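# Structural description and commentary
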Amino acid sequence: MANVRNSARPLSPHLSIWKWGPSMAVSIVHRVTGSGMATVGTILFVWWLGALASGPAAYGAFIDLFTLSSGKLNIAGYIVGIGLTLSFFQHMASGVRHLFLDVGANFELGGNKRTALATFVIAIVLTAGFWAFLLEKSNG
Amino acid sequence: MGNGTELGRVRGLGSAHEGAHGWWHHKISAGSNLVLVLWFMLSVALLPAYDHATISAWLAQPWAAVPLILLVVSVFYHFHHGLTVVIEDYQHDHTRFVLLLLLKYFTIATATLAIFSILKIAFTAGATL
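Residues numbered from 1 in each chain as written. Chains lettered and ligands numbered in written order. Predicted model: local features only at pLDDT ≥ 70, side-chain atom pairs only at ≥ 80, totals over all residues.

## Concerning the overall build of chain A
Just so we agree on the cut-off: Put simply, DSSP marks the helices as runs of H or I at least four residues long and the strands as runs of E at least two long, and each gets a number from the N terminus on. For the radius of gyration, the atoms used are the C-alpha atoms, and the globule rule reads 2.2 Å times the number of residues raised to 0.38. Buried residues are those with 20 or more other C-beta atoms within 10 Å of their own C-beta, exposed residues have 12 or fewer, and partly exposed residues lie in between; C-beta atoms are placed from the backbone. Whether two residues are in contact depends on their C-beta atoms, placed from the backbone: they are in contact if these lie within 7 Å.
When its secondary structure is counted, chain A shows five helices and zero strands. Seen in sequence order, chain A has helices and strands lined up from the N terminus as α-α-α-α-α. Taking 14 Å as the expected radius of gyration for a compact globule of 140 residues, we find that chain A reaches 20 Å, considerably beyond that expectation. With the C-alpha coordinates of chain A rotated into their principal frame, the extents come out at 55 × 40 × 30 Å. For chain A, with 140 residues in total, the buried portion stands at 21%. Taking all contacts inside chain A whose residues are at least 6 apart in sequence as the whole, residues at least 24 apart take part in 62%.

Take a look at the structure:
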């Protein structure tokens, strides 16, 4: 792979000198959540499906990793479950915001900043709602 | 064509005329991901239990198995493009080449495993495994 960049010249030291703002944070978090779901999420999803297809014993072994003997989720189950849910809703909210940016809308400073902050609020509210529903169902 | 400066090497080559292709496909798959993943989360949340029999019976229905296969195609296509962009942005030289190659193997292997598993559950649910 040809490297045409002159390595003697400095790269922009962007991350280390820029003051953090909501738009920048959303962009970075979009990449982090996307990369996280694409790796950890994909492996767990395929493992889950493969275990299901292999039969009840293999599926039980998979489920045991994330549950207590009572059948309720263990710490790993909560961390992975809530982590992936929050990642998805965050990625979804910033993805939808990005579709508006793609057609040239929402570049005014005020609106751009407010929608950036809104993606975090939406992700947290949807994650809390989703898990409240799941836990309510399993306890009720 | 010049050989000295960076500008000289690319001057006159013109556009590759395919720059927007990947971007557009990323947007199309983003739209289908939105619908399919929300459907999946809602369906899983509404399942009465999470034991092997319940989930197999759910996946045995065409209205669950087919959207889940579509989800695999759409989401895996989308993350392949997304991770490609991330690798291209942060990795250079040989690492970029190796990581892009590994990403392709990873995507195709996991997608095949996922789709085969869904089909196997769909076609054999209820039968003794």
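## A closer look at the interface of chain A and chain B
Just so we agree on the cut-off: Think of it as three bins: nonpolar holds Ala, Val, Leu, Ile, Met, Phe, Trp, Tyr, Cys and Pro, charged holds Asp, Glu, Lys and Arg, and polar takes everything else, Gly as well.
Taken together, the contact between chain A and chain B spans 25 residues of the former and 27 residues of the latter. Of all the secondary structure elements, the ones that give two or more residues to the side of chain A that touches chain B are α2 (22–54), α3 (56–64), α4 (75–102) and α5 (109–139) of chain A. Counted by class, the side of chain A that touches chain B contains 16 nonpolar, seven polar and two charged residues.

## Comments concerning unusual backbone geometry
We note that Asn106 of chain A has phi near 65 degrees; this positive angle belongs to a residue other than glycine. Here Asn106 of chain A shows up in the loop between α4 and α5. Among the residues examined, Asn106 of chain A registers 16 C-beta atoms within 10 Å and is labelled partly exposed. Even without a glycine there, the phi angle at Asp93 of chain B is positive, about 55 degrees. Of note, Asp93 of chain B is situated in helix α5 (residues 93–124). The class for Asp93 of chain B is exposed, based on 11 C-beta atoms found within 10 Å.

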